[in-house]
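Coordinate analysis (summary)
The chain contents come next:
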Amino acid sequence: MSSIEDFLHSFASNDAFKAFNYFMQEPAFIILIAFFALGIIWLKRDKYSRLSVVISLLVTLILVTVLKQLYGDPRPCVGLPGCEPDFGFPSGHAALSFSLAMNLFGVSSFYFAILLAVLIALSRVISGAHTFAQIAGGMILGVLVSTTIAVILQKLREKNEEKNDKIRVFKK
């Protein structure tokens, strides 16, 4: 275990962390992610940005599931009560929270979303559910997926606008 992980584990007995960590468990986390996704979809005014949120989350979730099976990296808490039964790399919590946060890039609440994503990721190390490398993998995956989806959808938007411009010129 690294000294960073040792330092983070020292927060595990903190009451504020325990309360925060309670909301990061599976059912509550899924509700939290859905709530933030709907909020982001509401903030984004165009269909491409809205599509980006939905597609990013779905692709991230699929990749997390596949990569966990491919790598088979055990969680640091294996054998302890309350340890989640699946593998640890990459962290799904980190991947999904960073994927959502990146969809707010350019919006004023982006910095709050990044801060929340960092706290979620670190809470997974503090609770012993993941190593630092596992959350780093999740963070990178979430950022890469959402950025790639946004770039692809931006190119589609530009192509569609170009096509519409040609149609408008033709109709005149």
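To start, this report covers the structure provided alongside it. Computed from a predicted structure; not experimentally measured. (Residues numbered from 1 in each chain as written. Predicted model: local features only at pLDDT ≥ 70, side-chain atom pairs only at ≥ 80, totals over all residues. Heavy atoms only, no water.)

**Some points on unusual backbone geometry**
In this structure, Pro90 follows Phe89 across a cis peptide bond, with omega equal to -5°. Secondary-structure assignment places Pro90 in the loop between α4 (47-71) and α5 (92-102). (Helix = DSSP H or I, 4+ residues; strand = E, 2+ residues; numbered from the N terminus.)

**Some words on the nonpolar core**
Among the nonpolar cores identified, the biggest contains eleven residues, and these are Ala94, Phe98, Ala101, Leu104, Phe110, Ala113, Ala117, Ala121, Val125, Ile135 and Met139. Broken down by secondary-structure element, the contributors of at least two residues to this core are α5, α6 (110-126) and α7 (132-171). Here the element with the most residues in this core is α6; it accounts for five residues. Leave out the neighbours within four places in its chain, and Ala101 touches Phe110, Ala113, Ile114 and Ala117. Judged by nonpolar contacts, the second largest core, of seven residues, contains Tyr48, Val64, Leu141 and Val145. (Core = buried A, V, L, I, M, F, W, Y, C linked by side-chain atoms within 4.5 Å. Buried < 20%, exposed > 50% of the residue type's maximum accessible area, 1.4 Å probe, protein only. Contact = heavy atoms within 4.5 Å.)

**Some thoughts on the packing of α5 against α6**
The axes of two packed helices give the description: the angle between them and the distance between them. Contact pair α5 / α6: the axes reach a minimum separation of 9 Å and the direction vectors enclose 175°. The angle between the axes of α5 and α6 places the two elements in the roughly antiparallel class. Where α5 abuts α6, its residues His93, Ala94, Ser97, Phe98, Ala101 and Met102 lie against Phe110, Ala113, Ile114, Ala117, Val118, Ile120, Ala121 and Arg124. Split by residue class, the contact of α5 with α6 holds eleven nonpolar, two polar and one charged. (Axes fitted to C-alpha atoms, helices over the stretch in contact; angles between N-to-C directions. Parallel < 35°, antiparallel > 145°, perpendicular 65-115°, else oblique. Nonpolar A, V, L, I, M, F, W, Y, C, P; charged D, E, K, R; others polar.)

**Topic: the pattern of salt bridges**
The final tally for this structure, using the stated rule, is two salt bridges. Measuring nitrogen to oxygen at the nearest pair gives 3.4 Å for the salt bridge that ties Asp86 to Lys68. Of the two residues, Asp86 is situated in the loop between α4 and α5 and Lys68 in helix α4; the sequence distance between them amounts to 18 residues. Residue Asp86 pairs with Arg75 through a salt bridge whose shortest N-O separation is 2.7 Å. One end of the pair, Asp86, is in the loop between α4 and α5; the other, Arg75, is in the loop between α4 and α5, with eleven residues separating them in the sequence. Under the relative-accessibility criterion, Asp86 is labelled partly exposed at 33%. Overall, the relative accessible area of 4% leaves Arg75 in the buried class. Look at the salt bridges and you will find they share partners, linking Lys68, Arg75 and Asp86 into a network. (Salt bridge = Lys/Arg side-chain N within 4 Å of Asp/Glu carboxyl O.)

**Re the packing of aromatic side chains**
On inspection of all chains with the given rule, the structure shows two aromatic pairs. Centroid distance Tyr71 to Phe89: 4.9 Å. Interplanar angle 75°. Geometry classified as edge-to-face. Of this pair, Tyr71 sits in helix α4 while Phe89 sits in the loop between α4 and α5; the two residues are 18 residues apart in sequence, bridging distant segments of the chain. Pairing Phe110 with Tyr111 gives two aromatic rings, centres 5.3 Å apart and planes at 70°, and the pair type is edge-to-face. Overall, the relative accessible area of 10% leaves Phe110 in the buried class. Exposure remark for Tyr111: the relative accessible area of 64% places this residue in the exposed category. (Phe/Tyr/Trp six-rings, centres within 6.5 Å; stacked < 30°, edge-to-face > 60°.)

**Quick look at the environment of Arg157**
Within the fold, Arg157 resides in helix α7. Every residue in contact with Arg157, bar those within four places of it in the chain, is listed here: Asp46, Tyr48 and Ser49.

**Quick notes on a nonpolar patch on the surface**
A contiguous nonpolar patch, built from Ile62, Val66, Leu70 and Tyr71 and spanning about 450 Å² of accessible area, is present on the exposed surface. Residue placement: Ile62 occurs in helix α4. (Patch = residues over 30% accessible without salt bridge, like charges linked within 9 Å, V, L, I, M, F, W, Y side chains within 5 Å. Areas by Shrake-Rupley, 256 points an atom, 1.4 Å probe, with all protein chains shown as cover.)

**Regarding the side chain of Ser91**
Topologically, Ser91 is positioned in the loop between α4 and α5. In this structure Ser91 comes out as buried when scored by relative accessible area, which is 0%. Side-chain polar atoms of Ser91 contact the backbone nitrogen of Ala94, separated by 3.2 Å. (Polar contact = N/O pair within 3.5 Å; in protein donor to acceptor, adjacent residues only side chain to side chain.)

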